[in-house]
Amino acid sequence: MSSRATAPQFIVPPRSQSSPLERLFDFRHTYTDILEYQHARMLAGMCIAIGALSLLSTVVAWFVPDAPGATTTVGIIMILLCAGFYWLVNTGSLRWASVGFVLALIGVIFWASSPYGISESAVGAFALPVVSACMLLGATWGFLLTLVAEAGIGTLTYLSIRAGVGTEDAVSSAVVSGIFLLIMYGATIFLVRSLLRWGQNTQRKASQLEAAALINQAVTTASSVSDLLNMAVERVREVFGFYHVQVFLLDQQRSRENPRLSMARLESSTGHAGAMLLTNGHALMVGSRSIVGQATYYGQPVIVNDVQTSSIFHPNELLPDTRAEVALPLMIGENVIGALDVQSTMQNSFFPEDISALQVIANQLAGFIERTRLVAELQRRATERQSLLEDAQTNLRQIEALNRQLTREGWTEYLRSHRAPGTMGYTLQGKRVQADTSWTAPMRQAFSGERSVVIRQDQQAHIAAVPLRIRGEVVGVLEIEREGSQPWTDTELEMVETMVDRLGLAVENARLYEQATLAAEREHVVNRIAQDVQEAESIDEILQSALTELSAVLGASRGIVQISPKDVEITDVETTSVDAASSQLPTAETGGLPEA
């Protein structure tokens, strides 16, 4: 299994306004890999250039009478071959087109050079397929084509000797040509590998920047931490081509209480193995002998490019192909909240630029996680405060309702004990104040609570009825009337309302004072009766004294008190009334209480 799971996708952008020459490189087949696309453009360019030169030489040879006949034949063959190879590139058969191009090129060069033997032009021509093979097919094919070219030069040398050319000149030319081709092969391979390494590094950096940009964009649009982490690990694995990517997060509660005892729990992971680890609730102790445990404990990246020589590598049976691993802590200031763990199937897979890019991604994830947690905490606190506010409002309404009920019951009891009709009131007529318990229509309307102030104009008189409220409960109404055409002003009504509020407070205080005074008097009477009863020397005296005192206090004209156990049969007998008002109750000496 390769450490690079999938190559980064590269799609050639469409050209809406391109030149005719550029349209030759708009292939029908879409090359998704940038290196393949560059090879396709290179081979297509070679085919176009050689085909154009072949066409030019053919036209020239056609119009020049002394031109060799082979020139026209070679030109036509090269035009046809270049057209065929361009068609293969255009349809996506890049490998076959590359192999056919270099073989056909060396074959045509040998065929065109064989009548003339070895020459400087032939040696230069053989360098072309060698360089093309190195650039299009790699070092192995380049070396094979170098050997084939060396063989071709050797054959041409043999033909030159048979043609009568000096042996020493032919052999020396062959040796020099062979050395030249080897030098060309080495230089081309070095150049191609340097360019390839530069292109891969450029592509890697572009992919890293793209991954960081996409994750940064996802940070602003992700709906939850889970969605962001799942997207991030998949994106890192695809762009960087690593074997496995996962994210651990620390237990918040344990981390605050004791960081040494906290666990790094797996929150997101790639592939089937990741799904199994998540199902099993995979977790590692912070500070344990594992790469993630060390990274989350020390807050520093832990890079292991060869797990077989590492003492802190923690193997996992679900990931048997891991050969290199790196864990980067997710940091918020000085606090570690998790780790980004990346694994590869190849040793020495993590380069400094990889670590830098991964650290940027880890910082982005940490920032989003922290912001999400802060928002969740603020929402939780807001919900708690809203709940407390609702509870307080409910309690306040209950208290207000209870206060209104107690106020209503208190005034009902007060008026019942002081006024037979249950209403008390006074009317001012001119300068005379007299008791009056009648209700007018505006008073009834204000008492019902429809409006705070009821104003009515009646026969050249202006009436204002203001409800009298105590703790929110309406217990009465004050009505004032002014004759004439002058209505009540807002200032006057505000003054009346203020006065009525103070009136309500005054009458409520007076009621409470009267009830407190009455309660104190009753308590005093009870204490006095109890004291008199306790001073009696016998049960008869106690009963007689209690009956006499209670009857006198309560204004009773008659009272009876009897004592009889429940196991004694009680029969109806004639009783004798006691005149409490005269306080002449029988005593023990005169015959005791009436018998029941």
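Residues numbered from 1 in each chain as written. Predicted model: local features only at pLDDT ≥ 70, side-chain atom pairs only at ≥ 80, totals over all residues. Heavy atoms only, no water.

## Comments concerning the pairing of strand β5 (residues 324-332)
In terms of residue burial, β5 counts as a mostly covered element, since seven of its nine residues are buried. Both strand β4 (residues 302-304) and β5 contribute to a ladder of three bridges, which runs antiparallel. Residue V302 lies in a different strand from β5, and its bridge partner there is A327. As paired strands, β5 and strand β6 (residues 335-344) are joined by nine bridges and run antiparallel to one another. When the sheet's bridge partners are listed, L330 is paired in β6 with G338. Linking β5 to β6, which pair antiparallel, is a turn of two residues; within it G333 sits at a positive phi near 70°. (Buried < 20%, exposed > 50% of the residue type's maximum accessible area, 1.4 Å probe, protein only. Helix = DSSP H or I, 4+ residues; strand = E, 2+ residues; numbered from the N terminus. Pairing = 2+ DSSP bridges.)

## Quick look at the confidence of the model for the protein
When pLDDT is averaged across the protein, the result is 77; 76% of the residues are at 70 or more. At the level of individual helices and strands, the protein shows its lowest average pLDDT in helix α9 (residues 252-257), which scores 57, and its highest in strand β1 (residues 244-250), which scores 93. Within the model, the stretch residues 1-17 combines pLDDT values under 50 with 38 contacts to residues more than four positions away or in other chains. When the criterion is pLDDT under 50, residues 573-596 qualifies, and its contacts beyond four places in sequence or with other chains add up to 34 contacts. (pLDDT = per-residue confidence, 0-100. Contact = heavy atoms within 4.5 Å.)

## Things to note about the pairing of β6
Counting buried residues along β6, nine of its ten residues qualify, which places the element largely inside the surrounding structure. The pairing of β1 with β6 spans six bridges and is classified as antiparallel. Looking at the pairing, V247 lines up with L340 of β6.

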